[in-house]
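Each chain is listed here by its residues.
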Amino acid sequence: MSDANLLEAAVRTEFGKGAARRTRRAGNVPAVLYGHQADPQHLSLNAQAFAAILREHGTNAVLNLVIDGEKQLALTKSVVVHPIRRYIEHADLLIIKRGEKVTADVNVTLVGDAASGTLVTQDATTISIEAEALKLPEAIEISIEGVEAGTQITAGEVELPAGVTLAADPETLIVNIIAAPASAAEVEEAAAAAEAAEAESAE
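Residues numbered from 1 in each chain as written. Predicted model: local features only at pLDDT ≥ 70, side-chain atom pairs only at ≥ 80, totals over all residues. Heavy atoms only, no water.

### As for the side chain of Thr76
- By the element assignment, Thr76 lies in strand E5 (residues 70-81).
- Residue Thr76 is classed as buried on the basis of its relative accessible area of 0%.
- Beyond its immediate sequence surroundings of up to four residues, Thr76 is in contact with Phe50, Leu54, Thr59, Asn60, Ala61, Leu63, Asp92 and Leu93. (Helix = DSSP H or I, 4+ residues; strand = E, 2+ residues; numbered from the N terminus. Buried < 20%, exposed > 50% of the residue type's maximum accessible area, 1.4 Å probe, protein only. Contact = heavy atoms within 4.5 Å.)

### Brief notes about the pairing of strand E9 (residues 126-132)
- Of the pairings in the sheet, the one linking strand E7 (residues 101-111) to E9 comprises seven bridges and is antiparallel in character. Bridge pairing links Val106 to Ile127 in E9.
- Examined bridge by bridge, E9 and strand E12 (residues 165-166) share two bridges and lie antiparallel to one another. Residue pairing in the sheet places Glu130 in a bridge with Thr165 of E12. (Pairing = 2+ DSSP bridges.)

### A few points about the sheet that holds strand E13 (residues 173-179)
- Spatially, the three strands line up as an open sheet ordered E8-E13-E11, and their pairing is antiparallel. Each edge of the sheet is formed by a strand with only one pairing partner; in this case those strands are strand E8 (118-122) and strand E11 (151-154). Each strand of the sheet is rotated relative to its neighbour by a mean of 10°, with strand direction disregarded.
- Bridge count between E11 and E13: four bridges; the pairing is antiparallel. Residue pairing across strands places Thr154 opposite Leu173, the latter belonging to E13. (Axes fitted to C-alpha atoms, helices over the stretch in contact; angles between N-to-C directions.)

### Describing the sheet that holds E12
- The strand order across the open sheet formed by four strands is E10-E7-E9-E12, and the pairing between neighbours is mixed. Edge strands, defined here as strands with exactly one partner in the open sheet, are strand E10 (139-143) and E12.

### Some words on helix H1 (residues 17-25)
- Among the residues making up H1, those that are buried are Ala19, Ala20 and Thr23. Considered in projection along H1, the buried side chains sweep an arc of 100° and stay on one side of the axis. Facing away from the buried side of H1, by more than 90 degrees, are the exposed residues Lys17 and Arg25.
- If you follow the buried residues of H1, they end up packed against strand E2 (28-35) and strand E3 (38-46). (Arc of directions from axis to C-beta.)

Structure representation (structure tokens):
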């Protein structure tokens, strides 16, 4: 991890919307680094390099920042993406130390197929966990293979990797599996079959 996700960061000296726009026009992302009782630092990160790290490691990427020649570990806490143009508008970064535990929201991915005739609704796409900053999982997988209708999976029932603990309310609903509602055609077919059966018994 010593040189993974290495990212040069320049200290920003001008602030405000105009300054942020100028930073983005120059191909950089305005960012704020805070934590450990340090004064927040306003930084500018190379947009392409930062986006590449996020693509590879997800939104909780750990960065090896180089600020004025000094290395600083940081966790990506939040990223604001422009809703239409999809460029990164701003990022919040948290100072971290090796071995330190942090709380983060990680994505939940469902694997497998529930039993036939079921409808799967995912109530939460992320789950809040606590783990060592350098060992945060990029996603938590939940297997729904063969799960029957009427099953609910809460945060407390999710199997977490070793060294990871739940920070969310254990009662938080993550996945709800219900019987799939019949389509109009199926309802018509069932009604027609019932009618035919009735006609047969009347004869």
